Structures are given as C-alpha cells and as structure tokens.
Amino acid sequence: MSDFPLPRIRDFVRTVVPFNTLSDEELTRVVSRMEIAFYPRGERIYHAGGPPATDLAIIKSGSVKVTLPDDLGGEILVDLRGEGDCFGAVSLLQGSQALFDVTAREDIIAFLLPAAIFKDLYSSHTAFHRHFSFSLARNLQAVRRTPDQGLTLLAGGGSLGLEAVLKRSQVSELMTTSVLACLPQTPIRAAARNMTNQRVGSIVVVEQTGVPVGVVTDTDLRVRVLAAGVDPGAPVAEVMSRPIRTIDNKAFAFEAMLEMIRHRVHHLVVVEGERMVGVLSDHDVRVVTGAAPVGVMRDLDKINSAEGLELIHQNLDPVLEMLLRLGGSAQYMLDLATEFNDRLLLKILELTELEMEHQGRGRAPVPYSWLALGSAGRCEQALRTAQHNGLVFMNVPAERASAVKDWFLDLAGRAVERLHTCGFPLSEHGLQANSPACCQSEAQWQNAFSEMIREAGQCALPAAGSLFDLRGVHEEMAFAESLRLYVSQAIEDNRHFLARLARVGPHNRPPLGFLREFVVEKSGEYRDQLDLKVSGLTPLINAVRVLALEQGLTVTSTLGRLAELAKRGILQERFAADLADAYSFIVLLRVARYLEARGAGHEPNAHLDPASLNPAQRKMLKDSFTVTSELQAFLEQRYRTQNAA
Amino acid sequence: MNFALARMRNRLRRLRLKNRDLPPLVRQNLLALEQVHPEQPARSHRFVVLDLETTGLDPNRDRVVSVGALRMVEGRVRLGEVFDELVNPGRDIPVESIKVHAIVPDMIAHARPAGEVFEDFMEYVGTDVLVAHFAPFDLHFLNKIMKVRYGFSLQNLVLDTVEICRSTLLTPDPHGVYMDFKKCGLDALAERFGLEVPERHTALGDALATALILQRMFLHLEQTNRGTMGDLIKLGAVAL
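Because the structure is a prediction, the values reported are computed rather than measured.

What counts, and where the lines are drawn
- Residues take numbers from 1 onward in each chain, read along the sequence in its written order.
- For this description, chains carry letters from A and ligands carry numbers from 1, given in the order in which they are written.
- A pLDDT threshold of at least 70 governs which residues receive local features in this predicted model, and a stricter bar of 80 or more applies before side-chain atom pairs are shown or counted, although totals over entire chains, interfaces and linings include all residues.
- Only hydrogens and water are set aside; all other atoms, that is, all heavy atoms of the structure, feed into the side-chain values.
- Comment: elements are numbered from the N terminus, with helices defined as DSSP H or I runs of at least four residues and strands as E runs of at least two.
- For every residue, the accessible area (1.4 Å probe, protein chains only) is compared with the maximum for its type, and the residue is labelled buried under 20%, exposed over 50%, or partly exposed between those bounds.
- Two residues qualify as a contact provided that any one of their heavy atoms is within 4.5 Å of a heavy atom in the partner residue.
- The distinction between a cavity and a pocket rests on a 1 Å grid over the protein atoms alone: a 1.4 Å probe fits inside a cavity but cannot get out, while a pocket stays open yet meets protein on both sides within 12 Å along at least five of seven lines, and a residue with an atom within 4 Å of a point counts as lining.
- Grid points are joined across faces, edges and corners, and a volume is the space filled by probe spheres set on the points.
- Note on terminology: a nonpolar core comprises buried Ala, Val, Leu, Ile, Met, Phe, Trp, Tyr and Cys residues joined through side-chain atoms within 4.5 Å.
- Pairing between strands requires that DSSP locate at least two bridges from one strand to the other.
- Lines are fitted to the C-alpha atoms to define the axes, a helix being fitted only along its stretch in contact, and any angle between axes, read from their N-to-C directions, falls within 0 to 180 degrees.
- Under this scheme an angle from 65 to 115 degrees is roughly perpendicular, one under 35 degrees roughly parallel, and one over 145 degrees roughly antiparallel; angles in between are oblique.
- Polarity classes work like this: nonpolar for Ala, Val, Leu, Ile, Met, Phe, Trp, Tyr, Cys and Pro, charged for Asp, Glu, Lys and Arg, and polar for all others, with Gly in that last group.
- Accessible area that two parts lose when put together, evaluated with a 1.4 Å probe and summed over both, is termed the buried area.
- For salt bridges, the criterion is a side-chain nitrogen of Lys or Arg within 4 Å of an Asp or Glu carboxyl oxygen.
- Each polar contact in these results corresponds to two N or O atoms within 3.5 Å; when the atoms are within protein, one needs to be able to donate a hydrogen and the other to accept it, and residues that are neighboring in sequence are counted only if both atoms are side-chain atoms.
- As a per-residue measure, pLDDT tells how confident the predictor is, with possible values from 0 to 100.
- Only centres within 6.5 Å qualify two rings of Phe, Tyr or Trp (six-membered ring in Trp) as a pair; their planes then separate them into stacked at under 30 degrees, edge-to-face at over 60, and tilted for everything else.

Peer 1: Sorry, what's going on with the overall build of chain B here?
Peer 2: Helix and strand counts for chain B stand at 11 helices and six strands. Relative to its full complement of 240 residues, chain B shows a buried share of 55%. Counted over contacts in chain B with a minimum sequence separation of 6, partners at least 24 positions apart contribute 69%.

Peer 1: Please clarify how empty space enclosed by the protein should be interpreted in this entry.
Peer 2: Over the atoms rolls a probe the size of a water molecule, and in doing so it shows where empty space is left. Residues and elements named next belong to chain A. Taken as a whole, this structure holds eight cavities of 30 Å³ or more when the rule is applied. In this structure, the largest cavity spans a volume of roughly 190 Å³. Along the walls of the largest cavity sit 18 residues, with Asn341, Asp342, Leu345, Ala376 and Gln381 positioned nearest its centre. Listed by contribution, the elements that provide at least two residues to the lining of the largest cavity are helix 15 (330-358), strand 15 (368-372) and strand 18 (471-475). Here the lining of the largest cavity gets five residues from one element, more than from any other, and that element is helix 15.

Peer 1: I'm lost on the environment of Pro367(A) in this one. Help?
Peer 2: Residues and elements named next belong to chain A. In this fold, Pro367 is placed in the loop between helix 15 and strand 15. The exposure class of Pro367 is partly exposed, given its relative accessible area of 26%. C-alpha of Pro367 to C-alpha of Phe479: the two residues are 112 residues apart in sequence and 9.5 Å apart in space. If near-sequence neighbours (up to four positions away) are discounted, Pro367 is found in contact with Phe393, Met394, Glu476, Met477 and Phe479.

Peer 1: Would you mind going over the nonpolar core with me for this structure?
Peer 2: The nonpolar side chains of soluble globular proteins are, as a tendency, buried together. Ranked by size, the top nonpolar core spans 93 residues in total, and within it Phe19(A), Phe47(B) and Met229(B) carry the most contacts. A total of 12 residues in this core trace back to one element, the largest contributor, which is helix 10 (residues 203-223) of chain B. Look past the residues within four positions of Phe47(B) in its chain and what remains in contact with it is Ala42(B), Leu70(B), Arg71(B), Met72(B), Asp128(B), Val129(B), Val131(B), Leu159(B), Leu214(B), Phe218(B), Met229(B) and Leu232(B). Residues Leu431(A), Leu540(A), Ala548(A) and Tyr639(A) belong to the second largest nonpolar core, which totals 67 residues.

Peer 1: How should the pairing of strand 3 (residues 76-88) of chain B be read in this particular structure?
Peer 2: Look at any regular strand and the pattern is simple: side chains alternate between the two faces of the sheet. Here two bridges tie strand 1 (residues 35-39) of chain A to strand 3 of chain B, and the two strands are oriented antiparallel to one another. Along strand 3 of chain B, the bridge assignment pairs Ile36(A) with Val77(B). Note: strand 2 (residues 64-73) of chain B against strand 3 of chain B, eight bridges, orientation antiparallel. Across the sheet, residue Val67(B) finds its bridge partner in strand 3 of chain B, namely Glu85(B). Hairpin connection from strand 2 of chain B to strand 3 of chain B: two residues lie between these consecutive antiparallel strands, with Glu74(B) at a positive phi of about 55 degrees. Across two bridges, the pairing between strand 3 of chain B and strand 4 (residues 112-113) of chain B is parallel. Across the sheet, residue Asn88(B) finds its bridge partner in strand 4 of chain B, namely Pro113(B).

Peer 1: So what exactly am I meant to see when it comes to the packing of helix 15 of chain A against helix 24 (residues 573-599) of chain A here?
Peer 2: Residues and elements named next belong to chain A. Where helix 15 contacts helix 24, the two axes come as close as 9 Å, and the packing angle between them is 60 degrees. Put simply, helix 15 runs oblique to helix 24. When helix 15 is examined against helix 24, the residues Ala330, Met333 and Leu334 are found in contact with a partner set consisting of Tyr583, Ser584, Val587, Leu588 and Val591. Here the residues of the contact of helix 15 with helix 24 sort into seven nonpolar, one polar and no charged.

Peer 1: Whenever I open this one, the interface of chain A and chain B confuses me. Can you help?
Peer 2: Often the size quoted for an interface is simply the accessible area lost on bringing the parts together. The partner chain B presents 19 residues to the 21 residues of chain A that form the contact. Where chain A abuts chain B, roughly 1,900 Å² becomes buried across the two surfaces, and 61% of that area is made up of carbon and sulfur atoms. In terms of surface lost to chain B, no three residues of chain A exceed Leu6(A), Ile36(A) and Phe38(A), which account for 33% of the buried area on that side. Connecting chain A to chain B are four salt bridges. For Asp55(A), the salt bridge goes to Arg76(B), with nearest N and O atoms at 3.3 Å. Here chain A is connected to chain B by seven residue pairs in polar contact (both at pLDDT 80 or more).

Peer 1: Would you mind showing me how to read the confidence of the model for chain B here?
Peer 2: The predicted coordinates of low-pLDDT regions are not to be read in fine detail. This prediction gives chain B a mean pLDDT of 88; 94% of its residues lie at or above 70. No element of chain B has a lower mean pLDDT than helix 8 (residues 180-183) of chain B, at 66, and none a higher one than strand 5 (residues 129-132) of chain B, at 96.

Peer 1: Explanation requested: the packing of aromatic side chains in the structure shown.
Peer 2: The description of an aromatic ring pair rests on the distance of the ring centres and on the angle between the ring planes. Inspection of every chain in the model, using the stated rule, returns 15 aromatic pairs over all chains. Centroid distance Tyr368(A) to Phe408(A): 5.2 Å. Interplanar angle 55 degrees. Geometry classified as tilted. With Tyr368(A) in strand 15 and Phe408(A) in helix 17 (residues 398-421), this residue pair connects regions lying 40 residues apart in the sequence. A relative accessible area of 0% means that Tyr368(A) is categorised as buried. The interplanar angle of 75 degrees and the centroid separation of 5.0 Å between the aromatic rings of Phe137(B) and Phe141(B) together place this pair among those described as edge-to-face. In this pair, Phe137(B) and Phe141(B) both sit in helix 6 (residues 135-150), four residues apart, roughly one turn of the helix. Of the residues examined, Phe137(B) reaches a relative accessible area of 23% and is grouped as partly exposed.

Structure (structure tokens):
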C-alpha cells in the first residue's frame, strides 16, 4: 500500500507544526507509525517526577493542561495545549522523568508517535529540532529554577503558558533588593569604605525621602575623585553620576532589557513611585531571557571597520527568534529591531564620513539628517526588507548647491551600498538616499512635499505613502521634525489630499472571500498562498497613516498611531485595540515565517500558505483581516461624508 | 454466551480435526480462544476491529466488496497495522449499495476475489479478538467463506460493539419499545462520544469509528468495575 489508507488523518497531521515540513512520503511513513489513544477528562496522563513519556502525543481533539505541583499541594499552570498541539516532547528528549503533570481537561483523542521515530525526526530534521529544542530549553530552565525562586516567578505571571509567564516576569521579581545606598551629603571617603566593605562596585545615592538621585561607581572614584584631586571629605553628591536610569518595579523584564539596550547601561535603579526599591542588572534579566540581546548591541558598538558590520546583522535573528519563542509582543520586537537598525545605520554613517574624510572629500559641508522612510520610518523594520531612506541637508546658497549635493550623494551612495551588503535590499521605488530626488536640501524637500500634496492625483501615491512615515535617524538638526510640521501644515491647507490618499486603500483589500475564506493567489510561483505584507499589513498601515496625517500626529509607528488615535477619540478604544492586535499578530506571523525560512536555508518571502497554519492561527488571521476591512470601511465613510460636506 | 462452553467446543473440534491436514494458518486459528483470558483486563488483549462493505443487506444473496480493519493493542489503535482492501464480489454492485459505500464497478475491476483476500485477512487477524459493529452480519460473511474453504467457522472470539453499548449505555428495554437499535448506530454513538469520524462509510473509516467507540467502552467498563475480558464477553460476545 503506497498511499496511506486514512487520508484525513494524514491531512490533519500535515497541519501540525512542525510535521507540516515533512514531505508526503515521510509524512505517510510517520503517520503509519502512530497510534490513536483516548484519555478521558481528568486523567493524569503524566506525573511530574514519574516515568517519562514513551510517545509524542499530538492532540486531535480536546485539550490538556501542563502544570507543576506547588509547595501547598496546589498546582501552577504552565501551559494549555489544544487541538494540533503536542505534549510529551520535553520528557521524551530529556529522558529520565516527566517534568510536568499533564492532565486531560476534556476527553482527549491523541495521535501518539513512538519515541524512537520522534527522536529520529528530531535529530534529522532542522524544523523538528528548532521547534522542540526551544520549548525544551524554556521548560528546562523553568524547572531548574523551581526549587528556589522559580515558583514565585511562575506563579506571578498568570496562566497563559510558561513562555508567556517568562515574558511577563516583572522587574520586581528579578531585582536585587539589598542595595548599597547612601545620602547625598555622605562624605566620599565613607561611601568608598562602605563599598569596599560590601565588595560592590557602586553605591546608589538616595535622598532622605528614598528618591534615588545618582550613583557613584569605582570608575567615578578613580576619575572624578582621585584623578581630579577632589577632597575625599566632600559629599558624594559632588562626584556622583547622574541622571540615573530608573525603571518601575512593575515594568516587565523585557522593558528593562530594552531600556538597558537603549541607554547602554548594565544597571537600572528600580523605583516604586519615586522611591528606590532595588537594582536590576543585565545579568538578572538574562536569567529570564536566556540569550543576551544586550550583548548583541554591545558588539555592534565595538565595531570599527566596515567589514565587521556585514556580519553583525545576522546576530539579530537569534535575538528576534528568542523574543518570538518567549511569546514576546510585536512591539518589543519592533522596538528592538529598530534600535538595532538605527545603531547600525549610525555606525555606517560614522564610518563612511570618516572614510570620505580620509580620501580627501572633506567633512559634511553643512548639517544634515538621515531620514528613515517606509517601514524603517515607522520603526517597524523587524526584517531585512528593502531600504527606504532619504537625506536632508541645510539650505545652501545657489552657487554652492551642486557641490554640496554632490558630497551628500557620495555619502548616501556609500551608505546605501553598505546597508545593502548588510542585507537590506535596494528599494524598488528608488526611494533611496542616493537618488537625487531623495537627497535634497530642506527647501527642496518642502517643495517636493507641497507638490505631492497639491497634485495628489498625478503622482504615484502608493510609493509616496512611505514618504509620509519619515523619521530622522542621524539628526544634526531637527530637519525631520520641521519637515513633518511643514507636511501637517500643507495637509491642513489641502484636506482633499487625504481623501485621495484614503482612496488608495480600497484597491488593496484584505484577502477574505465572501464566506470569510482566505483568498489565495490563483497562479504563479505563490499559487495558493497569501502575501502577508501586501494583502495583510499594507492595507492596515495605509489606513492608519491617513488618519494619522489627518490628525497631524508626530508618532510614526502604526501601533503608536493607533494608540494616539484612540486617545483622541478618532477610533473607539476597543476598535483600536483590535486593530493593534491584528497588526501585531500579522507582524509576529511574518517574523516567524521569515525566521523559519532563513533557518531552513530558504530565501524568505512574505508569502504564506494558509493551510500551514493551525486552526487557532487561521482564525486569528481571519479576524485580523476582518478588522482591517472594517477600518477601511470606516475610512471610506469618513472621507465620503467629508467630501459631501 | 458461556465462554467455558465455547472453549470446550473449541477443544473438541481440535480433537476431531487433529489428524486432518490443515494449513498452518488454520491450525493457528483453532488456537485463538487460548489467547483469551477472562480474568485479565480486557485492555491487555489484542483486538482487530473490522468492517465490511457489501453489495446489500441480504446475508444470503449479497457479497463483500471491501474489507477494512485496524488493530488495537493496549487500548491504542495502530495506524500502521491496517487492513484495507477492495474485494471483487463476482457479481454486479447494486446502485443502492453504491450510494452507501461509493465503490463503483471500475474500482473493483482489478480487485482480488473474496477467497484470496480472506486468506490474507485471516493471517492479519491471527488469534486476535474480532470486534465489529453489528458483528453477526460481518461474521456471517466471513464464516460463509471459512466454511466453504475449511468446513468450520472462524474460531476467534467475536465481540459486537452494538451489544456492548446496548447493555451498558442504555436503560434496560426488554420489549424494544424505545427503539434502542437506532441509538446504537455508528452515527448516533459517534455523536454521543463527540467523535469526528473521517472517511465514514468506507470499510476502514467505519472500522476506525468502531475502534474509537470500543476505546470509550473500555474506559466506561473499567470505571464501573467491569474491566475484565470476562465482563466484556458477558456483555457482547457473539455465539461461536
């Protein structure tokens, strides 16, 4: 029998991640080694500490809860698994004993794959390895932490799965509370002695009221006291570093991580209200995050040659992947990637300017700003998608104009090329700083925008849309800000433009058919697939942009715009939240697919086969498209009525 | 059915047939009941759950067109040990039955005749306990061939899931006034247990549905302290 006699069972297994990566032949072979088991509601399938699993179970119907026993005889919910999810993998791979209690919440029908076959797949298929090793690492880490401090960590986070729990760990759970502190008027000598006695490298300076005002480190003592010849009897307030970076004790570990990355510090003072309650080090955070995103940023800062840059960007992938596996939000991921990309760009500009100087091209003749456009401008370039950028420089007298422009075009050309070698493809629309239209003086940019807004009908609006998401990255003057103000003003004077921009949207509907089935591509290379970017994200981003421009919002990110629109009452709060969820979900899905493709050695693209999603994902994606359609309808309504009036 | 009696009859038959020249397969079949241990948990036995599609419902005139079966060991259905074959009935297939099983004459044009398929099936079954929904119907067709070929019936223990369900799930109804029969149909039971049965009305699909129902019955009987093979025999064995 070459064909599997129960095709529907095979079709079901085909939808299960990572079995979806198997070839037909392998799938048939694997499925024919499976057994169907039934577990009644309430049955404890595995006992924590009991014998390990002998099979990998794929849930066909019903759901199980994965729990850990706690000290009080109760249980801590680690995860819920439903149709299309697996359980048993961790103890299968880890081997000696079951690590969690697994209990049927409903009657379960499960397909069981014998351990040997599973281990075989695990070692021979990257997709299996990646899928299961992450949950393995995560779960094991939690278990290791259980005896001492892990329980509060797990229990503190709510109920939606271990990964989410880790993501939700708060600063207050991770920080060190025994912090060496002193008052501002404490003599330097006393503070130093105290640090020596406690064997710590820093002391936090706290006012009588408990408000932290600064910090004194070993380095401060060396540089600002000894080297500067300050009297050791002087109060520490005179030599302390400030301002200090603080973080709220209720903030999440991820936010803390981001703060550290942003400000390039390794410690944050944790405050409750204004009072200091503890200190958080990057080490504390790393305990939760496992990898070290802070380190990736540090590596980037250390690079001094163009060659080093080309490779560094690949280091971002593992970090994104980690965030994804931890159930990190789209916002964190985008923030992190933006931070990384901006740093990369700054580094490139720094190196390029230096290079030009060495080659006798001289320094920048006038102040300039590098403009991030499109997804980079919206702080949403999580993936290495095409670069959209521009350059604005100070207005110069006509006789110098061409020389100045030449210099900046040279700079832009080199920078764009470097970005290209770092993995950012060139723009299809020519929206790049090295094209003369995108490398202009402030006045020229203003003209370009005026013209675009005045003659919206004639210009290519879809591409122009990303021009309006401009953001200054390397800012020697506040060009970006003033350009944005200028654009708001111009739009204010010409409301007609927005109506036109709004009408671009409806040509680009989310791919949902009449019966809320996905509409996939009918032919070509991506037959039966959805384009997540063009049909999923773009309609949403465009519609939100129109409203943002209407309101003259300064924030450029889609999520930021949505929040602001809700605050101003333009969108109902609930609706805005739904849209934010939809946006986040599609972004996460896209990032996940991208990383998967890269991991498997394929060229990533934005296409996705809806059949490869699990039922929950499918439903979520449909809901996302539906809510986007609602936004488009809202927009049409808004501008039709405005036009009529 | 009295299992002790059945086993005694089986032993007598073995004595009678002692000197006859029988193929090893048939010899093995004669020992099937020896593998059944009434005092042990039903779950620890090996079962073959089967379903036949036929040209109609008349046991005398109609023929088998398809055989589907799955093996169940330790309460788990083995997807890799599946028997699934079309049978050439040696006569035309009535339109009425095609509507049920969707097997059209073209499909069985190259199928083997019942006798050949039966040999393979017997080897597949071995000494396992046979289970079917409305087992007497399926058993009738199997035994017809068995008797023609070897002169006696299959010696395996045969269980009927209809009987097991009727005697455990439904209120006693000795006079048949509640029409319990319908409540024990495959569809009704699948719905009752919330089973989503793929490939219903193919022999293998129906066998799978039956196997999943048997899984539920194991549990139900274990929970009501009737988990031994002996209990199961009392509830649903078909007379040998």
